[in-house]
Amino acid sequence: MPDLLSALKCMSGEITYIWFDEPEPEKNMLSIFDGRFPVYFTVIFIVMAFILGAVIGSFLNVVIIRTQNKEPITGAHNRSHCMSCGTQLKAIDLIPILSYIFLGGKCRTCKAKISPRYWIVELTTAVAFTLSIITLGLSFSLLMAFVLAAALIVASGIDIDKMEIPYGCSIVIAGLGVIATVASIFVYDPTKAASVFNMPWYEHLIGAAAISVPFAIFALFGAMGGGDVHLMAGAGLLLGWKNAIPAAAIGIILGAIGGSIELLSIPKGTKKLAKEKALDIAGKWYDSQKENGITVLEGKTEAIYGSIFKGKSDIEPECIDQKCWKGTPDIASLNNMLDAELSDITKFGISIVLDDKKVVKVNCKRQVVFGPYLSVGIFAGFLIGDMIVSWYTKMF
Ligand SMILES: [Zn+2]
């Protein structure tokens with residue numbers, strides 16, 4: 001059994017393996033193939049990591065869906081059933097990744113199409129776990145990588161569905177950051193290769209600040225959401241600034257490419273149309289509110305914020321300052337009216353500016369889901385951040 005000291009040394013990168021107290025091999029992309037184990041043994045580890053990832057991925061699917069529905073993640077588990085015909089799924093239909101392939105993506109009973117998202121989440125988790133074990137070997141960092149991958153996949157899944165990154169995911173990542181920071185205080189050794197556990201402790205704190213400040217500025221200009229900011233703050237703490245910079249760079253570059261592709265895929269004039277429709281609806285809604293004596297107080301222009309996403313509008317009552325209103329505006333009816341008219345609109349941020357007499361204007365803004373891109377960057381930063389930096393500097 002590893003004792004505490006060797007566990008700490010392991011974290012620092014002084015020794016890579018808890019179980020084998022041998023000199024650390026030179027860090028490279030394929031830490032697991034360092035000749036420490038016979039090749040067949042290594043292959044078994046990699047296959048095990050893939051299977052573990054697929055199984056954890058199937059659990060993450062549950063987390064992604066239940067978190068959104070505000071259901072408890074643990075607790076009474078209804079056995080999975082087909083969303084179309086309600087048939088309970090047999091054990092053979094619940095094997096991660098494989099069942100979907102064997103069933104051809106259709107329900108065994110009613111042949112309804114099964115959403116590929118379950119399969120995609122399982123495969124993504126399996127691949128992330130596999131890459132982790134290949135780059136990190138059997139080390140404490142590997143456990144951290146598994147937890148990090150899970151948190152990032154849940155954050156991305158929820159961001160894609162709801163355009164928000166839950167605090168829980170950022171807190172888990174910041175928690176890993178605290179572990180890494182504390183470990184750095186005790187075991188930092190400048191003569192050893194830099195790693196997440198082997199850097200001066202303050203580099204973690206600089207990482208959190210250096211990354212979250214520019215992202216907060218992006219968010220102020222509406223280029224990113226608040227979720228992206230707390231995600232990157234947690235990631236910056238974990239990675240330290242030297243790894244956080246390539247992580248953020250990868251996330252932003254991928255996001256810019258992905259966002260442009262998304263933008264190009266939207267028919268021209270969609271935004272103008274959405275804006276016109278929303279202005280019309282907001283006007284009608286405000287008229288109905290005024291009939292009930294509910295208006296914005298004189299001299300105030302209280303904006304209403306929200307988003308329209310996949311034809312479902314989500315204007316939050318919390319985004320309205322009650323002090324600016326005479327009476328309580330009926331936001332539910334506004335949401336219903338927008339839903340009815342804008343069912344073909346996907347992903348727009350919306351804000352409505354109104355004064356005591358009329359709706360002044362409606363702004364519609366394209367929103368890009370940045371979470372998944374940032375997650376790829378963060379994970380790359382964790383696994384190979386230092387290598388990315390050295391490749392980059394060698395280029396010049
Ligand atoms: Zn079915």
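Details of the structure are given in the entry above.
The rules behind the values
- Residues numbered from 1 in each chain as written.
- Predicted model: local features only at pLDDT ≥ 70, side-chain atom pairs only at ≥ 80, totals over all residues.
- Heavy atoms only, no water.
- Helix = DSSP H or I, 4+ residues; strand = E, 2+ residues; numbered from the N terminus.
- Buried < 20%, exposed > 50% of the residue type's maximum accessible area, 1.4 Å probe, protein only.
- Contact = heavy atoms within 4.5 Å.
- Areas by Shrake-Rupley, 256 points an atom, 1.4 Å probe, with all protein chains shown as cover.
- Core = buried A, V, L, I, M, F, W, Y, C linked by side-chain atoms within 4.5 Å.
- Axes fitted to C-alpha atoms, helices over the stretch in contact; angles between N-to-C directions.
- Parallel < 35°, antiparallel > 145°, perpendicular 65-115°, else oblique.
- Nonpolar A, V, L, I, M, F, W, Y, C, P; charged D, E, K, R; others polar.
- Salt bridge = Lys/Arg side-chain N within 4 Å of Asp/Glu carboxyl O.

Engineer: Help me understand the overall build of the chain in this model?
Structural biologist: In terms of helices and strands, the chain carries 11 helices and 6 strands. When each of the 396 residues of the chain is scored for burial, the buried share is 45%. Residue pairs at least 24 apart in sequence account for 67% of intrachain contacts in the chain once pairs closer than 6 positions are excluded. Carbon and sulfur atoms make up 67% of the accessible area of the chain, which amounts to about 20,600 Å² in all.

Engineer: In this structure, what is going on with the nonpolar core? I would like to understand it.
Structural biologist: One broad rule of soluble globular proteins: the nonpolar side chains tend to lie buried together. L148, L238 and F382 are the most contacted members of the largest nonpolar core, which totals 56 residues. The set of elements that each furnish at least two residues to this core consists of α2 (39–68), α4 (117–136), α5 (140–162), α6 (167–187), α7 (201–220), α8 (226–264) and α11 (371–394). Take this core: its biggest share by element is 13 residues, from α5. V296, I304, I331 and V359 belong to the second-largest nonpolar core, a separate cluster that totals 24 residues.

Engineer: Hey, could you run me through the packing of α7 against α8 in this one?
Structural biologist: When two helices pack together, you describe them by how their axes are tilted relative to each other and by the distance separating the axes. Put simply, α7 and α8 touch, their axes get as near as 7 Å, and they point 95° apart. If you check the angle between α7 and α8, you find them roughly perpendicular. For the contact of α7 with α8, the class distribution of residues is 19 nonpolar, 5 polar and 3 charged.

Engineer: Help me out: how do you make sense of the pattern of salt bridges in this one?
Structural biologist: Opposite charge on two side chains permits pairing when their charged atoms draw close. Enumeration according to the criterion identifies 8 salt bridges in this entry. When the shortest N-O distance is used, the salt bridge between D356 and K357 registers 3.4 Å. Since its relative accessible area comes to 57%, K357 is described here as exposed.

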